[in-house]
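Summary of structural features
Single-letter residue listing:
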Amino acid sequence: MFYREAGQFKTGYADDMAVFPIRQDRIGIAVILAIAYLAVPMFGSPFFVSTIMIPMLILTMAAIGLNILTGYAGLISLGTGAFMGVGAYACFKLATAFPDVNVLVWVLASGFFSAAIGVVFGLPSLRIKGLYLAVATLAAQFFLQWCFVRIGWLTNYSSSGSIEAARRSLFGVQITGPGASETARYLCVLTLLVALTWIASNIVRGRIGRKWMMVRDMDIAAELMGVRLLPTKLLAFAVSSYFCGVAGAMLLFFHYGSMESIAFNIELSFQVLFMVIIGGLGSLIGSYLGAGFIAALPVVIKFAPQILGIELPSAVVDQVTVMIIGGLIIFFLIVEPHGFARLWQIGKQKLRVWPFPY
Amino acid sequence: MMAFVDTGRRAGPKPIAAGEVLLEVEGISLAFGGVKALNSISFDIRKGEVRAIIGPNGAGKTSMLNVINGFYHPQHGRITYRGEVRRRQRPDTAAQQGISRTFQNVALFKGLTTLENIMAGRALKMNVGFFWQCLRVGPALNEEIAHRRKVEEIIDFLEIEHIRKVPVGKLPYGLKKRVELGRALAQEPELLLLDEPMAGMNLEEKEDMSRFILDVREQFGTTIALIEHDMGVVMDISDRVVVLDYGRKIADGTPDEVQKNQDVIDAYLGVQH
Ligand SMILES: Nc1ncnc2c1ncn2[C@@H]1O[C@H](COP(=O)(O)OP(=O)(O)OP(=O)(O)O)[C@@H](O)[C@H]1O
Ligand SMILES: [Mg+2]
């Protein structure tokens, strides 16, 4: 009975509607934020921060984006990678065209470009659902990737076809481009993620999120209750693509520094989709858990045997990773569509009644 | 108990006095391919009454409700609502006109809790913009709280406080039907369409539901059109009954008149229940 709400009375509906109505949850989140902001930069090795934490947080952002579309609004998309690409290319163009404006502004603005593109490719969702919509978004994936390769203007006619993050700073500290420290990049990514997660949680808990879930669960009933399907679905595409676009821009500016169009391919789309499925459809915490799991798994499989003194060839590591992820996806799709987030809930429930079984 | 504030949604049209015709259908015919679901049906629904629609299975009762709220478009006939002849309309328009409904096969939002399902009924009444929704402070939070208060009143009214936070997928059938009624009430309808609200319920649950239906009419002056198979319930709570059989209207009148009607007796004996 470590975790319970007994004795914590809510005095108004605002309290009851808070993100973390239980005190232990609020303490928990404060501890996690303290670890993320203080412990990780102070004690994390450069390798840990730059190859695990940064990509993991960026992919969490993309997973939140896809979760808004698939988990909350019930619309499937295989175009996540390309929508991330739109954000990256938009941010590249904006940052090179207007070098004096702070790069964080352009990272946040680039999401609007992918939102607009997302709306265009979301239009068919009024008529088609499920598998057919997946195919339509797949078309978006390939079309956009084709644009990244063929339209030289997007890369400023770079001969290598790649886009690069220029050197930019914030408060005199370099945050992007060659030479930016991993701590500075990490703190930028973390702050953007925390802020946008807060916004996402506000949206999904309010009237807009409710409309998405109405459409997801029973579109006919939603319509008869006055919800107009097209604007509701398009808004889901817009918000979802915004998050993906910002994630793409962050991937370029805070992680890779230089990217080619191939990075935004269908594999990236699938990777984010797997995070959402494993983490839990329709749960923001699930997006964190799913992204954390998929980002950490290859590293764990690679280094855990080394600690035990066994050396695994990297090909074996890759194979094992793919097998575990594949197995988990099948498990979650069949047994528990709400993924890790659901297991998390069950765990909390058990703690609440511990040591009694009920 | 529930002093609903009119949000101005129906500020335009003139109020209709109790007993006046609220909705009139004339010569409605609806066919699906070769199946004639409705054949030249005419009747009216008066403000403030409980109007039952009965008939054997497949008589066309559900189709009639779907025509009334604009989900099906009849090939022939005319619908007049609040004195205005209605044109072909989108499904989401009925809600704006103050018509809400429940479904024969419960159509709740299964991933949402009882509370969220009933909040969903307020969708049309909430309109604070996207910017505030992102921040969930100020107008957005105030709106959410104001509507939450209304929803809590409905929850009290229907005596479902204990399942407030339970996902509706886990509820037993009888409670699901009750939550669905709550969701329809959250729309503050002028005309409430109930498709077999008591199907599959035991006697006690039916009595509760009958009481809620009569209380709704009593407290909010809501007009109710109701499909029901249980004749006892129909006789008890409805003011007037229209009887359909094979897509035709075979009787229309008070429960007593209808019960004595030979065509009705034949229709019910002809189709073994
Ligand atoms: N969407 C549809 N497509 C094709 N046929 C339909 C459709 N909806 C209803 N029907 C047909 O119309 C007829 C009337 O159906 P309806 O559901 O209105 O009957 P009902 O009186 O509600 O019956 P029940 O008591 O079984 O609910 C039936 O023959 C049915 O098969
Ligand atoms: Mg029916």
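See the structure shown above.
First, a word on what this report is: a plain description of the structure on this page.

Rules of the game
- Residues numbered from 1 in each chain as written.
- Chains lettered and ligands numbered in written order.
- Predicted model: local features only at pLDDT ≥ 70, side-chain atom pairs only at ≥ 80, totals over all residues.
- Heavy atoms only, no water.
- Phe/Tyr/Trp six-rings, centres within 6.5 Å; stacked < 30°, edge-to-face > 60°.
- Helix = DSSP H or I, 4+ residues; strand = E, 2+ residues; numbered from the N terminus.
- Donors = N, O, S within 2.8 Å, 3.2 Å for Na, K, Ca; no water.
- Buried < 20%, exposed > 50% of the residue type's maximum accessible area, 1.4 Å probe, protein only.
- Contact = heavy atoms within 4.5 Å.
- Salt bridge = Lys/Arg side-chain N within 4 Å of Asp/Glu carboxyl O.
- Polar contact = N/O pair within 3.5 Å; in protein donor to acceptor, adjacent residues only side chain to side chain.
- Nonpolar A, V, L, I, M, F, W, Y, C, P; charged D, E, K, R; others polar.
- Patch = residues over 30% accessible without salt bridge, like charges linked within 9 Å, V, L, I, M, F, W, Y side chains within 5 Å.
- Areas by Shrake-Rupley, 256 points an atom, 1.4 Å probe, with all protein chains shown as cover.
- Axes fitted to C-alpha atoms, helices over the stretch in contact; angles between N-to-C directions.
- Parallel < 35°, antiparallel > 145°, perpendicular 65-115°, else oblique.

**A look at the packing of aromatic side chains**
To describe a pair of aromatic rings, you give the distance between the ring centres and the angle between the ring planes. All names here are of chain A. In the structure shown here, the tally under the stated rule is 17 aromatic pairs over all chains. Seen from their ring centres, Tyr 89 and Phe 148 are 4.4 Å apart, and the 10° between their planes marks the pair as stacked. With Tyr 89 in helix α4 (residues 80-97) and Phe 148 in helix α6 (residues 130-150), this residue pair connects regions lying 59 residues apart in the sequence. Aromatic side chains Phe 112 and Tyr 242 sit 5.0 Å apart centroid to centroid with 55° between the ring planes, which places their arrangement in the tilted category.

**Considering the coordination of the magnesium ion (ligand 2)**
Residues and elements named next belong to chain B. Within the first shell, the magnesium ion (ligand 2) binds the protein through Thr 62 (OG1) and Gln 104 (OE1), at distances of 1.9 to 2.1 Å. Taken together, the residues span a long stretch of sequence, with Thr 62 in helix α1 (residues 61-68) and Gln 104 in the loop between β6 (99-101) and α3 (114-120) at a distance of 42 residues. Among the residues examined, Gln 104 registers a relative accessible area of 28% and is labelled partly exposed.

**With respect to the interface of chain A and chain B**
Contact with chain A, which involves 31 residues of that partner, is made by 40 residues of chain B. As a salt-bridge pair, A:Arg210 and B:Glu144 come within 2.9 Å of each other at their nearest N and O atoms. Counting across the interface, chain A meets chain B through seven residue pairs in polar contact (both at pLDDT 80 or more). If you list the elements that add at least two residues to the side of chain A that touches chain B, you get α1 (13-16), α7 (182-205), α8 (207-217), α9 (219-224) and α10 (229-256) of chain A. Sorting elements by how many residues they give to the side of chain A that touches chain B places α8(A) first, with eight residues. Each residue belonging to the side of chain A that touches chain B can be placed in one class, and the counts come to 18 nonpolar, three polar and 10 charged.

**Here's the deal with the environment of B:Tyr173**
Residue and element names in this part refer to chain B. Along the chain, Tyr 173 turns up in helix α6 (residues 173-186). Considering only alpha carbons, one finds Tyr 173 and Gly 83, 90 residues apart in sequence, at a separation of 38 Å. Those residues within four positions of Tyr 173 in sequence are excluded, and the remaining contacts are Gln 104, Val 106, Ala 199 and Gly 200.

**A short note on a nonpolar patch on the surface**
Taken together, the side chains of A:Ile330, A:Phe331, A:Leu333, A:Ile334 and A:Val335 define a hydrophobic patch exposed on the protein surface, amounting to about 520 Å² of accessible area. For A:Val335, the location among the structural elements is in helix α13 (residues 314-335).

**A closer look at the packing of α6(B) against helix α7 (residues 203-220) of chain B**
All names here are of chain B. One can describe the packing of α6 onto α7 by two numbers: an axis separation of 11 Å at closest approach and a directional angle of 5°. In terms of their interaxial angle, α6 and α7 are classed as roughly parallel. In contact with Gly 174, Lys 177, Arg 178, Leu 181 and Leu 185 of α6, α7 contributes Glu 205, Asp 208, Met 209, Phe 212 and Val 216. When grouped by side-chain class, the residues that make up the contact of α6 with α7 number five nonpolar, one polar and four charged.

**A closer look at unusual backbone geometry**
Residues and elements named next belong to chain B. Not every positive phi belongs to a glycine, and Ser 40 is a case in point at roughly 50°. Structurally, Ser 40 can be placed in strand β2 (residues 35-46). Positive phi values are uncommon outside glycine, yet Glu 196 reaches one of about 50°. The residue Glu 196 is located in the loop between β7 (191-195) and α7 in this model.

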